Amino acid sequence: MPAAMAHNYIDVKPGSCPNSINLGQKGVLPIAILGGSEVDVMDIDPDTIMVGFNDTNGTGMMVYVPIVRYSYEDVAGPVVDPDDEYPCCGTPGPDGIMDLSIKVNVEDLVAAGLDVDDYPKLEVRYDKYDGTTIRSLWDCIRMIDNSDKGVGPDAALTQANKKIK
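Every value quoted in this text rests on a predicted model; they were computed, and no experiment measured them. Each chain carries its own residue numbering, running from 1 in the direction its sequence is written. Only residues with pLDDT of 70 or above have their local features reported here, since the model is predicted, and side-chain atom pairs are shown and tallied only from 80 upward, although totals for entire chains, interfaces and linings are computed over all residues. To get the side-chain values, all heavy atoms of the structure are used, and hydrogens and water are removed first.

## Some remarks on the overall build of the protein chain
In step 1: Each helix corresponds to a stretch of at least 4 residues labelled H or I by DSSP, and each strand to a stretch of at least 2 residues labelled E; elements are numbered beginning at the N terminus. Scanning the protein chain for helices and strands turns up two helices and 12 strands.
In step 2: Listed by position from the N terminus, the elements making up the protein chain come as β-β-β-β-β-β-β-β-β-α-β-β-β-α.
In step 3: Burial classification: accessible surface area is computed with a 1.4 Å probe over protein chains only, and a residue below 20% of its type maximum counts as buried, one above 50% as exposed, and the rest as partly exposed. The buried share of the protein chain, reckoned over its 165 residues, is 39%.
In step 4: What makes two residues a contact is simply this: any of their non-hydrogen atoms within 4.5 Å. Residue pairs at least 24 apart in sequence account for 67% of intrachain contacts in the protein chain once pairs closer than 6 positions are excluded.
In step 5: Note that accessible areas follow from Shrake-Rupley with a 1.4 Å probe, and for residues the cover is restricted to the protein chains shown. When the accessible surface of the protein chain is totalled, it reaches about 8,500 Å², and 52% of it is carbon and sulfur.

## Some remarks on the side chain of Asn-22
In step 1: Along the chain, Asn-22 falls in strand S2 (residues 20-22).
In step 2: Whenever a nitrogen or oxygen atom comes within 3.5 Å of another N or O atom, the pair is scored as a polar contact, on the condition that within protein one atom can donate a hydrogen and the other can accept it, and that pairs from neighbouring residues in sequence are kept only if both atoms are in side chains. Among the polar contacts made by the side chain of Asn-22, one reaches the main-chain amide nitrogen of Gly-24 at a distance of 2.8 Å.
In step 3: In this structure Asn-22 touches Val-106, Ile-144 and Asn-146, once residues within four positions along its chain are discounted.

## Brief notes about the pairing of strand S3 (residues 28-33)
Each regular strand displays side chains that alternate between the two surfaces of the sheet.
In step 1: The sheet contact formed by strand S1 (residues 10-12) and S3 spans three bridges and is antiparallel. Bridge assignment links Ile-10 to a residue of S3, and that residue is Ile-33. Note on pairing: two strands pair once DSSP finds at least 2 bridges between them.

## Quick look at the nonpolar core
In step 1: If you look at the biggest cluster of nonpolar residues, it comprises 30 residues, and the most contacted ones within it are Ile-31 and Ile-33.
In step 2: For this core, the secondary-structure elements that each account for two or more residues are S1, S3, strand S4 (44-54), strand S5 (62-66), strand S9 (99-105), helix H1 (106-111) and strand S10 (121-128).
In step 3: Looking at this core, the element that brings in the most residues is S4, giving four residues.
In step 4: Those residues within four positions of Ile-31 in sequence are excluded, and the remaining contacts are Ile-10, Asp-11, Val-12, Val-51, Leu-100, Ser-101, Ile-102, Val-104, Leu-122 and Val-124. Nonpolar core, defined: a set of buried Ala, Val, Leu, Ile, Met, Phe, Trp, Tyr and Cys residues in which side-chain atoms within 4.5 Å join the residues together.

## What about the pairing of S4?
In step 1: As defined by bridge partners, S4 adjoins S10 across five bridges and the pair is classed as antiparallel. In the sheet register, Ile-44 faces S10, and the bridge partner there is Lys-128.
In step 2: Two elements, S4 and S5, share five bridges in a ladder whose sense is antiparallel. Directly across from Gly-52, in S5, lies its bridge partner Tyr-64.

## Notes on the sheet that holds S9
In step 1: Reading across the sheet, the four strands line up as S1-S3-S9-S6 and stay open at both edges, with antiparallel pairing between neighbours. The open sheet is flanked by S1 and strand S6 (69-73), the only strands paired with a single partner. Direction aside, the axes of adjacent strands within the sheet are offset by 25 degrees on average.
In step 2: As paired elements, S3 and S9 share six bridges and run antiparallel to each other. Bridge pairing in S9 links Leu-29 to Val-104. The axes used here are C-alpha line fits, helices contributing only the stretch in contact, and every angle between their N-to-C directions lies in the interval 0 to 180 degrees.

## Some remarks on the environment of Met-98
In step 1: Within the element layout of this structure, Met-98 appears in the loop between strand S8 (89-92) and S9.
In step 2: Overall, Met-98 belongs to the partly exposed group, its relative accessible area being 40%.
In step 3: Here the alpha-carbon distance between Met-98 and Gly-35, two residues 63 residues apart in the chain, equals 5.5 Å.
In step 4: Non-local contacts of Met-98, meaning those with residues more than four positions away in its chain, are made with Gly-35, Val-41, Tyr-72, Glu-73 and Asp-74.

Remember, this is a structural readout, not a statement about activity or role.
Structural data, given as structure tokens:
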């Protein structure tokens, strides 16, 4: 596994770069915990997996939400860290090493306080079956808020304000 992997063993939206998240979308956000020489995904207790973000506009602390489902599949390769516009992109496609594919509900993240002004990274934490807690597995994200276009958490208020003006 490349040295760049030392800080990042997850890939938000495997195969996508940049990792854009529409905060007004319904449904789930896929995240892969990447298997490799440093991480054996079979050692992870899936019941303990949480996805978090730094709530810079609210508590100023990390906020975590539980995942909604998981599966074992080879979905992505190691994260590369070239000095380009999007430094947190995984190698697209399977690499022959088993990954743990998790899904988190976007609406749960937004309800917990995630917004476009927060620190643009998601973190995954979990316990291994041996009791060890693993934290700070992060990946960059680009948040999009389309609430002013009639979708998203504040769409009803936005549309009402447009009608009043």
